[in-house]
Amino acid sequence: MKTVNWCAAQKFVVAMMLTSLATGSVDAAEDTFSIREFVSIKDKWPTFARTSTQLTLNGRFAGSIARQFRLHQLPFMVTPERTTALPSDVDAGERITIIGTLGKTGSRYQFYASRIAIGAKDSIRLKRQIQDLPDGHFADAYLLADRYEQIAQFYKDDILTIQIQSLRSSTFAKQRKAAAKDFQQLQRLLISAKKLGLSEDIQQHVLFQSVYQMSKQKGVLAVDVLKQIRSRLPGWDVSEKSLTAEQQLAFQKDAIATYEGLIDQQRPVFHRFLYRTVRLPQLLKQLKADGSNGNEVATKITQELPEEIDSIKQANEKYVDFRLVAVPKLTRRQLSELEELLVSLKRPADFDQALNHWLTAQEKRLNNQQLDGLLETADQFLFAFERWKKKQHGDTGVKYMKRAWQLASGAAPEEAATIETRMEQLGWVRLRDDWMTTAEVDALPDSDMDLAVKEGRVVEGMSVAQVELILGGPERRIRVASKGKVQEVWIFGGGEASGITVHLSRRSFEVPASAVVTKVARTRR
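Just so you know, these numbers come straight off a predicted model, no measurement behind them.

What counts, and where the lines are drawn
- Residues numbered from 1 in each chain as written.
- Predicted model: local features only at pLDDT ≥ 70, side-chain atom pairs only at ≥ 80, totals over all residues.
- Heavy atoms only, no water.
- Helix = DSSP H or I, 4+ residues; strand = E, 2+ residues; numbered from the N terminus.
- Rg over C-alpha atoms; globule rule 2.2 N^0.38 Å.
- Areas by Shrake-Rupley, 256 points an atom, 1.4 Å probe, with all protein chains shown as cover.
- Lys, Arg positive; Asp, Glu negative; His and termini not counted.
- Charge placed at Lys NZ, Arg CZ, Asp CG, Glu CD.
- Phe/Tyr/Trp six-rings, centres within 6.5 Å; stacked < 30°, edge-to-face > 60°.
- Buried < 20%, exposed > 50% of the residue type's maximum accessible area, 1.4 Å probe, protein only.
- Lys NZ or Arg CZ within 6 Å of the ring centre and 35° of its normal.
- Core = buried A, V, L, I, M, F, W, Y, C linked by side-chain atoms within 4.5 Å.
- Contact = heavy atoms within 4.5 Å.
- Salt bridge = Lys/Arg side-chain N within 4 Å of Asp/Glu carboxyl O.
- Polar contact = N/O pair within 3.5 Å; in protein donor to acceptor, adjacent residues only side chain to side chain.
- Pairing = 2+ DSSP bridges.
- Axes fitted to C-alpha atoms, helices over the stretch in contact; angles between N-to-C directions.
- pLDDT = per-residue confidence, 0-100.
- Parallel < 35°, antiparallel > 145°, perpendicular 65-115°, else oblique.
- Left-handed = near helix turned anticlockwise from the far one by under 90°.
- Nonpolar A, V, L, I, M, F, W, Y, C, P; charged D, E, K, R; others polar.

1. Quick notes on the overall build of the protein chain
Move 1: Along its length, the protein chain carries 22 helices and 13 strands.
Move 2: At 55 Å, the protein chain has a C-alpha radius of gyration far larger than the 24 Å of a compact globule built from 525 residues.
Move 3: If one aligns the C-alpha atoms of the protein chain with their principal axes, the spans along those axes are about 185 × 50 × 35 Å.
Move 4: As displayed, the protein chain has an accessible area near 29500 Å², and 51% of this comes from carbon and sulfur atoms.
Move 5: Computed over 75 positive and 64 negative side-chain charges, the separation of the two mean positions in the protein chain equals 7 Å.

Encoded structure:
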């Protein structure tokens, strides 16, 4: 400190005044003012001048003319007394404490200084006081910033303002570091950040950090975390984009540092990723141990988090395993669903095994060797054949249908006829007391009598009984006997047989019933 013309004790007193007045305090003594305070009580100046009240003023040096000098924002000059002098090396902005009296000539004021003390600039003083702050005394740091802010505003000091902003930012950063994993403290800091006027980026960083740490805190309900994400982190519900593998790795390694390195447009993707990390375990927790609701859980994940392909597959796999264990009890619809899942999981061979297992179980459960059991067993195999086109299933179904027909043909003719119709739909025809495929029947010549009878046609070689079975009795008969033979012409004129003429022949000594068809003709009427 630069001093002039007083003892060591006086120097100490003034130094204490400097400390107090630099922060805007008036605790040092009565009639001790900063320039800011002194200007605010201008109405008392006449009294100070008239009573020659001794005053102590503290302000910033603004410049000198001859022996006089000026303080910033003080609207009159300071004149040192004869025994007092201003040091020659005082710089603009340095703190000056003056002790003296206020004088007035006419309307003009002037301060007569009997003592002068020079102190450091406010920026230097603030820097020193910051260095003296104990670690963790955040409230003291903010209080110091508030005090110096008054000075900066009064003197319109941009440099000091920047220094104060830096103090607040650095103090906030230290607070944030101390509360790095305490989401409640971080939420309180977010309120402080707004009050301090810190940048939107810093506020966003603290907001994300608080929600992220909340998601990591044991005992915090996922529903509460999700509520925070949904209400405060836009983009959480947008699934079009996802993090790259590198971004996911960086996020898992240091989520906060990674987030702070993002630009505004990238943040929603990370909001979505955080939402996924909280919501997915919540959904997977619904998955029952036996996997019985795996398809429901997979559907929920697909609807909410379509990016979670592995988890969707995992839930479906659990459901498939559950169904595979319970294959014998599956309904047809459930069996079809099982196939769709196994195909989607690229496990078609597993379905082939499951289908055979299911059919074996149905065969064992239904086949009681009675008509109803044979038909039900056949129906299961034929369902499988129609749905999955496996030849062996169709063959087995037909095998059971044949057995059922065999039982029904004697005891239940109507049921046998129904079975025969069903067999024809499957491509089988009952002919010559045996079952033939339609391909085999199609290969027979048109003159084949069994086929003709089956189809209701009269062909050469048929007996009288067969003709009557197919066409009934003729409308007219013409009989011609010659040379040991008897020939008859049957003329049909009604119904389906209208216009048909059948020629029959037999030996004269044979009974009429032994005649056989030698020719069939159809005429138009």
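From this point, the discussion proceeds with the structure in view.
2. A closer look at the packing of aromatic side chains
Move 1: As enumerated under the stated definition, the model contains 23 aromatic pairs in all.
Move 2: Aromatic side chains phenylalanine 38 and phenylalanine 76 sit 6.5 Å apart centroid to centroid with 85° between the ring planes, which places their arrangement in the edge-to-face category. In this pair, phenylalanine 38 is assigned in helix H2 (residues 35-40) and phenylalanine 76 in the loop between strand S4 (68-71) and strand S5 (78-80), connecting sequence segments 38 residues apart. Here phenylalanine 38 and phenylalanine 76 have matching classes, each one buried.
Move 3: Taken together, the ring pairs in this structure connect Phe33, Phe38, Trp45, Phe48, Phe76 and Tyr109 into an aromatic cluster.
Move 4: Positioned above the aromatic ring of tryptophan 490, the side-chain terminus of arginine 477 is 4.4 Å from the ring centre.

3. As for the nonpolar core
Move 1: Ranked by internal contacts, the top residues of the largest apolar core, which has 41 residues, are Phe208 and Ile229.
Move 2: Those elements giving two or more residues to this core turn out to be helix H7 (183-196), helix H8 (200-216), helix H9 (222-232), helix H11 (255-260), helix H12 (267-284), helix H13 (294-304) and helix H14 (309-325).
Move 3: When residues in this core are grouped by element, the largest group, 8 residues, is from H12.
Move 4: Aside from chain neighbours lying at most four places away, what touches isoleucine 229 is Val211, Trp236, His271, Leu274, Tyr275 and Val278.
Move 5: If you look at the next biggest cluster of nonpolar residues, it comprises 36 residues, including Leu57, Leu74, Ala113 and Ala152.

4. Quick word on unusual backbone geometry
Move 1: Positive phi values are uncommon outside glycine, yet alanine 66 reaches one of about 55°.
Move 2: Position of alanine 66 relative to the elements: it lies in the loop between strand S3 (54-65) and S4.
Move 3: Owing to a relative accessible area of 79%, alanine 66 belongs among the exposed residues under this scheme.
Move 4: Here lysine 483, not a glycine, exhibits a phi torsion of approximately 45°, which is positive.
Move 5: Position of lysine 483 among the secondary structure elements: in the loop between strand S10 (476-482) and strand S11 (485-492).
Move 6: Classification of lysine 483 by relative accessible area gives exposed; the value is 87%.

5. Considering the pattern of salt bridges
Move 1: The final tally for this structure, using the stated rule, is 21 salt bridges.
Move 2: Its salt-bridge partner being glutamate 386, residue arginine 422 comes within 3.2 Å of it at the nearest N-O pair. Placement of arginine 422 in helix H19 (residues 413-425) and of glutamate 386 in helix H17 (residues 371-388) is noted, with a sequence separation of 36 residues between them.
Move 3: By relative accessible area, which is 24% here, arginine 422 ends up partly exposed.
Move 4: Residue glutamate 386 is classed as partly exposed on the basis of its relative accessible area, which comes to 42%.

6. A word on the side chain of asparagine 293
Move 1: Relative to the helices and strands, asparagine 293 resides in the loop between H12 and H13.
Move 2: One polar contact links the side chain of asparagine 293 to the main-chain amide nitrogen of lysine 288, over a distance of 2.9 Å.
Move 3: In contact with asparagine 293, other than residues within four places in its own chain, are Gln286, Leu287 and Lys288.

7. Topic: the environment of valine 206
Move 1: Within the secondary structure layout, valine 206 lies in helix H8.
Move 2: For valine 206, a relative accessible area of 0% corresponds to the buried category.
Move 3: Here the alpha-carbon distance between valine 206 and alanine 180, two residues 26 residues apart in the chain, equals 9.4 Å.
Move 4: If we skip the residues at most four places from it in the chain, valine 206 touches Phe172, Arg176, Leu186 and Leu190.

8. Quick look at the sheet that holds strand S12 (residues 500-507)
Move 1: Reading across from one edge, S10-S11-S12-S13 is the order of the 4 strands in this open sheet, with antiparallel pairing throughout. Each having just a single partner strand, S10 and strand S13 (516-522) make up the two edges of the open sheet. Averaged over neighbouring strand pairs, the angle between their axes works out to 15° when direction is ignored.
Move 2: Pairing analysis gives 6 bridges linking S12 to S13, with the strands arranged antiparallel.

9. Section: the side chain of aspartate 157
Move 1: Along the chain, aspartate 157 turns up in the loop between helix H5 (138-155) and helix H6 (158-178).
Move 2: A polar contact is formed between the side chain of aspartate 157 and the backbone nitrogen of leucine 160, at a distance of 2.9 Å.
Move 3: Dropping the residues within four chain positions of it, aspartate 157 is found in contact with Arg60 and Ala152.

10. What about the confidence of the model for the protein chain?
Move 1: In the predicted model, the protein chain carries a mean pLDDT of 88, and the fraction of residues at 70 or more is 91%.
Move 2: Throughout residues 1-29 the model reports pLDDT below 50, and contacts reaching past four residues in sequence, or to other chains, amount to 62 contacts.

11. Concerning the packing of H17 against H19
Move 1: One way to put it is that H17 packs onto H19 with a least axis distance of 13 Å and a crossing angle of 15°. Put simply, H17 runs roughly parallel to H19. H19 is crossed by H17, and the crossing has left-handed handedness. Residue-level contacts link Leu371, Leu375, Leu382 and Glu386 of H17 to Glu415, Ile419 and Arg422 of H19.
Move 2: Of the residues contributing to the contact of H17 with H19, the split by class is 4 nonpolar, no polar and 3 charged.

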